[in-house]
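Each chain, written out:
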Amino acid sequence: MPAQSAQISPALTGTVTVPGDKSISHRALILGGIAVGETEVTGLLEGDDVLHTAECMRRMGATVTRVGEGHWRVRGVGVGGLIEPADILDMGNSGTGARLLMGLVAGHPVTAIFTGDASLNKRPMARVTEPLSRMGASFVGRAGGKLPMAVIGARDPMPIEYRLPVASAQVKSAILLAGLCAPGETTVIEPEPTRDHSERLLGHFGAEVRIVDAADGSRHVTLRGQPELIAAPVVVPGDPSSAAFPIVAALIVPGSDITVRNVGLNPLRVGLFDTLIEMGARIDYLDRRVAGGEPVADLRIRHSELKGVTVPAARAPSMIDEYPVLAVAAAFARGTTRMEGLAELRVKESDRLAAVAAGLAANGVTHEAGADYLVVQGTGRAPGGGTVATHMDHRIAMSFLVMGLASAQPVTVDDTHMIDTSFPGFGGLMTSLGAILS
């Protein structure tokens, strides 16, 4: 898909529903694929990333069938029942899918070869392969621990206790998935809590998971291995990371008043919403409820005069995917917004910290980027007028299209084809609210 531009738009109005949560969608397919019986999933995100996971689970023996829009059925093979895939497992752009499935394969006595697109094949996998090697798996990949990579699963996987050097829900989940096939207990110690969808869904399917918050702020997650997972229905809430884009758009476009329905409000995913409210955002939570074991609500968002704030490093795990769009909000705030603890952004779909800084520079926004921080000097209005290099990163593309909706001059992004990896229908949803995209 070619370059796309966004330009100053009238007030955004209307009610929309964003696609299903990507993190939960991946995990529902994976756990349904190794459960006994048939799991019914509703609200599944049908983006490219999740569809790659669905196809990979099919190649390893699960029956994965689309019934209707967002409605899927998965018949599993049981824990330990994966078959060796005959073909290479292509993960596309999905780092989540790749790391989680590498963990799953590591616990089974099979060999699988993983690859991805040009962006994914540049991303490091050593943080996953190191603990999985301790459990008995072997890995043969490109220099620097990069895909394509052969994963040779453990014939007799061993439980481990592993302290994460850096908080990462993907690494934690990979270890727990490998631990399903190991006898005894596998424990992951995370320096601070990260999104807990794996723990919630493992429990939902019948695994025994214990969570202990230690006095030093760390969290100990322990899984008892070799459970029998039983099929269970999964209702996937709207993805808060996707909801972030229409939400920030409504906050910065004068006169806007929108509602986003059925947004997941997992406490470990709402760092962006908490930050925006601190900045003065008018965000109202309506009809709070629980769906599929996850808290959800409808969110009403109105245009707001935002002010700069300091976002502490401790909040990073709960909003790691939302910093690009937060940087856009900060450009329209008045005063200085400082974001700390951003080292993880260096190893996402792109070097997101560098990509955000370059996008801000291209559009006349004063900022300073360091190894693990970003400071944005907001003036209440972004000049715009620039072209942003997306580096095949869907969140960079969507964030700077949002910027263009309220900038003095249009903002162009060089590529939008990758947006479908996480947010199919993004353009249509935004234009339905009144956004002008060309």
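These lines cover the structure that appears in this document, whether it is placed above or below.

Definitions and cut-offs
- Residues numbered from 1 in each chain as written.
- Predicted model: local features only at pLDDT ≥ 70, side-chain atom pairs only at ≥ 80, totals over all residues.
- Heavy atoms only, no water.
- Helix = DSSP H or I, 4+ residues; strand = E, 2+ residues; numbered from the N terminus.
- Rg over C-alpha atoms; globule rule 2.2 N^0.38 Å.
- Contact = heavy atoms within 4.5 Å.
- Lys, Arg positive; Asp, Glu negative; His and termini not counted.
- Charge placed at Lys NZ, Arg CZ, Asp CG, Glu CD.
- Axes fitted to C-alpha atoms, helices over the stretch in contact; angles between N-to-C directions.
- Parallel < 35°, antiparallel > 145°, perpendicular 65-115°, else oblique.
- Pairing = 2+ DSSP bridges.
- Salt bridge = Lys/Arg side-chain N within 4 Å of Asp/Glu carboxyl O.
- Buried < 20%, exposed > 50% of the residue type's maximum accessible area, 1.4 Å probe, protein only.
- Phe/Tyr/Trp six-rings, centres within 6.5 Å; stacked < 30°, edge-to-face > 60°.
- Lys NZ or Arg CZ within 6 Å of the ring centre and 35° of its normal.
- Core = buried A, V, L, I, M, F, W, Y, C linked by side-chain atoms within 4.5 Å.

The next subject is the overall build of the chain. In terms of helices and strands, the chain carries twelve helices and 24 strands. The globule rule puts the C-alpha radius of gyration for 438 residues at 22 Å, and the 21 Å found for the chain is close to it. Put simply, 76% of the contacts in the chain that link residues at least 6 apart link residues at least 24 apart. Taking the average place of the 38 positive charges on the side chains of the chain and the average place of its 45 negative ones, the gap between the two points comes to 2 Å.

Another point: unusual backbone geometry. Of the consecutive residues Leu147 and Pro148, the connecting peptide bond is found in the cis state with omega at -5°. With respect to the helices and strands, the residue Pro148 is situated in strand β9 (residues 146–152). With a phi angle near 50°, Asp287 is a residue other than glycine that sits in the positive phi range. Turning to its location among the elements, Asp287 is positioned in strand β16 (residues 282–291). We note that His391 has phi near 55°; this positive angle belongs to a residue other than glycine. In this structure, His391 sits in the loop between β22 (387–388) and α11 (394–404).

Turning to the packing of helix α8 (residues 271–278) against helix α9 (residues 323–332), a few remarks are in order. Relative to each other, α8 and α9 sit at 10°, their axes nearing to 11 Å. Judged by the inter-axis angle, α8 sits roughly parallel to α9. For the pair α8 and α9, the contacting residues are Leu272, Thr275 and Leu276 in the first and Val325, Leu326 and Ala329 in the second.

On to the sheet that holds strand β14 (residues 234–235). If you trace the four strands from one edge of the open sheet to the other, you get β4-β5-β3-β14, paired in mixed fashion. Each having just a single partner strand, β4 (63–68) and β14 make up the two edges of the open sheet. In the packing of helix α1 (residues 22–33) onto the sheet, the strands contacted are β3 (38–42), β4, β5 (71–75) and β14, and the crossing angle to β5 comes to about 30°.

Below, the discussion takes up the sheet that holds strand β18 (residues 310–311). Pairing in this open sheet of four strands is mixed, and the strands run β18-β19-β21-β20 from one edge to the other. Of all the strands in the sheet, just β18 and β20 (367–369) have a single pairing partner and so form its edges. Relative to strand β21 (residues 373–379), β20 runs antiparallel, the two sharing three bridges. Across the sheet, Ala369 pairs through a bridge with Leu374, a residue of β21. The sheet strands contacting helix α10 (residues 352–362) are β20 and β21, and the helix crosses β21 at an angle near 20°.

On inspection of all chains with the given rule, the structure shows 30 salt bridges. Taking the shortest distance from any N to any O, the salt bridge between Asp351 and Arg346 comes out at 3.1 Å. Between Arg352 and Asp393 there is a salt bridge whose closest N-O contact spans 2.8 Å. Taken as a pair, Arg352 in helix α10 and Asp393 in the loop between β22 and α11 lie far apart in primary sequence, 41 residues in all. Assigned by exposure class, Arg352 and Asp393 land together as buried. Among the charged side chains, a salt-bridge network with shared partners connects Arg195, Asp321, Arg352, Asp393 and Arg395.

What follows concerns the packing of aromatic side chains. Applying the stated rule across the entire model yields two aromatic pairs. A centroid spacing of 6.2 Å and a plane angle of 85° characterise the contact between Phe245 and Phe426, whose relative ring orientation is edge-to-face. Of this pair, Phe245 sits in helix α7 (residues 240–252) while Phe426 sits in helix α12 (residues 426–432), and the two are 181 residues apart along the sequence. Residue Phe245 shares its accessibility class with Phe426, and that shared class is buried. On the numbers, 5.3 Å between centres and 75° between planes, the contact of Phe423 with Phe426 is edge-to-face. The burial state of Phe423 is the same as that of Phe426; both residues are buried. Taken together, the aromatic side chains of Phe245, Phe423 and Phe426 make up a single cluster linked through ring pairs. When the ring centre of Tyr285 is taken as reference, the NZ or CZ atom of Arg288 above it lies at 4.6 Å. Lying over the aromatic face of Tyr373, Arg338 brings its terminal NZ or CZ to 4.7 Å of the ring centre.

Counting 76 residues, the largest nonpolar core has Ile247, Leu276, Tyr323, Met339 and Met403 as its most contacted members. Filtering out sequence-adjacent residues up to four positions away, Tyr323 remains in contact with Val311, Arg315, Ala316, Met339, Glu340, Leu342 and Leu345.

So, to be careful, I would describe these as geometric facts and stop short of saying anything about function.
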